[in-house]
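Take a look at the letters that make up each chain.
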Amino acid sequence: MTFVATGLAWCTLLALLSARLGDWLRRKGVAQRLDQLCGGLFILLGINLLFARLKH
């Protein structure tokens, strides 16, 4: 019985937090900033790969 109650509480908490996090991530400013950060990361990784290949 304790296992079921703990599992239910955990799943409920995850569902509530996921909904709030999803709402926050869907905001235009947040989504745009995440896109910019991911794009910058890909560019940096590409530059790193270029220099790694030039060394060898």
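In what follows, the accompanying structure is described. Because the structure is a prediction, the values reported are computed rather than measured.

Take the overall build of the chain next. Helix and strand content of the chain: two helices and zero strands. In terms of overall size, the chain is more extended than a compact globule, its C-alpha atoms giving a radius of gyration of 20 Å where 56 residues would be expected to give roughly 10 Å. Along the first, second and third principal axes, the C-alpha set of the chain runs to 60 × 30 × 5 Å. Every one of the 56 residues in the chain was classed for burial, and the buried ones make up 4%. A total of about 5500 Å² of accessible surface is found on the chain, and carbon and sulfur atoms cover 72% of it.

About the thresholds
Residues take numbers from 1 onward in each chain, read along the sequence in its written order. Under the rules for a predicted model, residues below a pLDDT of 70 receive no local features and side-chain atom pairs below 80 are neither given nor counted, while totals for whole chains, interfaces and linings still include all residues. In computing side-chain values, all of the structure's heavy atoms are included and hydrogens and water are not. Only DSSP runs of H or I covering at least 4 residues are called helices, and only runs of E covering at least 2 are called strands; the numbering of each starts at the N terminus. C-alpha atoms define the radius of gyration in this analysis, and the globule rule sets the expected value at 2.2 Å times the number of residues to the power 0.38. For every residue, the accessible area (1.4 Å probe, protein chains only) is compared with the maximum for its type, and the residue is labelled buried under 20%, exposed over 50%, or partly exposed between those bounds. Note on areas: Shrake-Rupley, 1.4 Å probe, and residue coverage restricted to the protein chains presented here.

Worth remembering: the numbers are spatial, not functional.
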